[in-house]
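Results of the structural survey
Below, each chain spelled out in residue letters.
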Amino acid sequence: MIPPIASRFVAGESPAEAIDHARECNEGGVNVILNLLGEHYDERAPAEEDAEEYVRLVEDIGKSSIDACISVKPSQIGLDAGEDVFDDLLGRIVERADEAGTFVWIDMEDRHTTDATLDAFEKYTTQTDGNVGLCVQANLKRTEDDIERLADLPGKIRLVKGAYDEPKEVAYKKKSKVDAQYEKLLEYMFEHFEDGIAVGSHDPAMIDLAAELHEEYGTDYEVQMLMGVREDAQFDLAEQGVEVWQYAPYGGKWFQYFYRRVRERKENLTFALRAVLGR
Ligand code: FAD
């Protein structure tokens with residue numbers, strides 16, 4: 001069982017708990033992106049096991065009345081075991097999700113995975129006429145070229161600042177430069193994308209900018225934030241009519257994820273403690 005201190009960031013251990021969490025969020029107008037915790041399997045068997053759980057999950061979401069979708073990590077569904085394994089397992093998930101009417105996001109991992117992830121996205125978003133979304137990272141120098149390629153494809157794109165510590169040869173390192181790059185890429189996306197943009201950020205400055213760009217270009221967008229981070233803002237934005245999606249991880253591997261949230265921002269521990277103590 002997940003201790004109360006961690007349950008601020010993790011939606012439960014089982015798919016049923018994750019679906020219950022989604023239902024609760026939906027009541028407040030927030031949609032949910034479910035992610036089964038797991039990554040870096042270098043053998044096919046564990047990757048296949050997670051892929052099978054995703055298949056059942058997309059079917060369950062499709063049969064339910066909840067507003068939810070999934071997000072998968074390439075290294076969770078086989079990329080470290082081989083591009084053929086990744087292609088096979090992602091293809092299985094995407095095909096069943098498309099039949100069930102459930103949307104599939106692909107997270108972006110470190111720079112060694114970017115090409116394979118872009119290629120897989122291109123293949124499956126084209127095959128499903130846009131039932132797949134891809135995350136791109138503003139800190140990577142290559143992203144400027146990548147989003148030009150993505151502009152011509154169906155499917156949604158989530159822009160994030162980038163969570164991986166990449167070398168300066170390939171990535172911007174200064175926070176101010178990453179922020180400036182995020183703003184520049186976001187404007188490009190509002191100007192050139194037709195299938196929807198996801199602002200994957202907790203940063204009020206980026207969320208305000210997206211609202212301004214929406215006024216200017218009319219392009220649809222949604223805001224995506226992590227479970228347990230600025231949750232008040234998530235529900236406030238939804239109440240103001242902004243489409244909000246909460247990225248909610250679940251599963252047995254919750255400890256590592258919780259530990260990462262606390263390490264990246266000490267206040268997260270304070271927030272979690274307050275939630276437990278009811279203050
Ligand atoms: P930051 O630049 O970290 O902070 C800017 C401001 O946001 C802060 O000053 C503060 O006002 C506010 N803020 C940020 N965090 C908090 C907090 N904990 N509590 C209160 N206020 C806060 N990265 C990847 O590399 N690949 C992915 O596939 C990926 N998927 C993601 C999906 C979603 C839905 C989200 C939200 C993020 C994802 N990320 C991913 C992580 C992302 O790259 C960033 O590392 C992370 O979101 C931190 O950047 P930020 O834009 O939220 O804000």
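Analysis parameters
Residues numbered from 1 in each chain as written. Predicted model: local features only at pLDDT ≥ 70, side-chain atom pairs only at ≥ 80, totals over all residues. Heavy atoms only, no water. Helix = DSSP H or I, 4+ residues; strand = E, 2+ residues; numbered from the N terminus. Expected span 1.5 Å × (residues − 1). Buried < 20%, exposed > 50% of the residue type's maximum accessible area, 1.4 Å probe, protein only. Arc of directions from axis to C-beta. Contact = heavy atoms within 4.5 Å. Phe/Tyr/Trp six-rings, centres within 6.5 Å; stacked < 30°, edge-to-face > 60°. Lys NZ or Arg CZ within 6 Å of the ring centre and 35° of its normal. Near = heavy atom within 4 Å. Polar contact = N/O pair within 3.5 Å; in protein donor to acceptor, adjacent residues only side chain to side chain. Areas by Shrake-Rupley, 256 points an atom, 1.4 Å probe, with all protein chains shown as cover. Disulfide = S-S within 2.5 Å. Axes fitted to C-alpha atoms, helices over the stretch in contact; angles between N-to-C directions. Parallel < 35°, antiparallel > 145°, perpendicular 65-115°, else oblique. Left-handed = near helix turned anticlockwise from the far one by under 90°. Nonpolar A, V, L, I, M, F, W, Y, C, P; charged D, E, K, R; others polar.

Taking 1.5 Å per residue as the helical rise, helix H6 (residues 175-192) with its 18 residues ought to reach 26 Å, and the 26 Å between its terminal C-alpha atoms agrees with that figure. Of the positions making up H6, those classed as buried are Val178, Asp179, Gln181, Tyr182, Leu185, Leu186, Met189 and Phe190. Buried residues of H6, viewed axially, fall in a sector of 165°; they line one side. Residues of H6 that are buried sit in contact with helix H5 (143-150), strand S5 (156-160), strand S6 (197-200), helix H7 (204-217) and strand S7 (221-226).

According to the stated counting rule, one finds five aromatic pairs in the structure shown. When the ring of phenylalanine 9 is compared with that of phenylalanine 258, the centres are 6.0 Å apart and the planes differ by 45°; the resulting orientation is tilted. Residue phenylalanine 9 is found in the segment before helix H1 (15-27), and its partner phenylalanine 258 is found in helix H9 (residues 254-264); the two are separated by 249 residues along the sequence. As far as burial versus exposure is concerned, phenylalanine 9 and phenylalanine 258 are alike and both buried. Taking 5.9 Å as the distance between ring centres and 75° as the angle between the ring planes, the aromatic pair formed by tryptophan 254 and phenylalanine 255 counts as edge-to-face. The ring of phenylalanine 103 carries lysine 156 above its face, with NZ or CZ at 5.1 Å from the centroid.

A few words on the site of the ligand. The full set close to the ligand counts 24 residues, and Met108, Lys161, Gly162, Lys175 and Ser201 are the nearest of them. At 2.7 Å from an oxygen atom of the ligand is found a side-chain nitrogen or oxygen belonging to serine 201. A distance of 3.5 Å separates an oxygen atom of the ligand from a polar atom in the backbone of aspartate 203. When isolated, the ligand has an accessible area of 940 Å², and the protein chains bury 79% of it. Residue contributions to the shell around the ligand peak at three residues, all from S7.

Looking now at the state of the cysteines. Summed over the entire model, instances satisfying the criterion amount to zero disulfides. In this structure cysteine 69 is not part of a disulfide, and its nearest cysteine sulfur, from cysteine 25, lies 12 Å away. The closest cysteine sulfur to the non-disulfide-bonded cysteine 135 is located on cysteine 69, 13 Å from its own sulfur.

Along the polypeptide, arginine 261 turns up in helix H9. Exposure remark for arginine 261: the relative accessible area of 8% places this residue in the buried category. A polar contact is formed between the side chain of arginine 261 and the side chain of tyrosine 257, at a distance of 3.0 Å. If we skip the residues at most four places from it in the chain, arginine 261 touches Phe9, Leu226 and Asn268.

A few words on the packing of H6 against H7. With their axes 10 Å apart at the nearest point, H6 and H7 run at an angle of 25° to one another. Overall, the two elements H6 and H7 adopt an arrangement that is roughly parallel. Considering only the axes of H6 and H7, their crossing is right-handed. Contact residues: H6 offers Asp179, Tyr182, Glu183, Leu186, Glu187, Phe190 and Glu191, while H7 offers Met206, Leu209, Ala210, Leu213, His214, Glu216 and Tyr217. Broken down by class, the residue content of the contact of H6 with H7 amounts to eight nonpolar, one polar and five charged.

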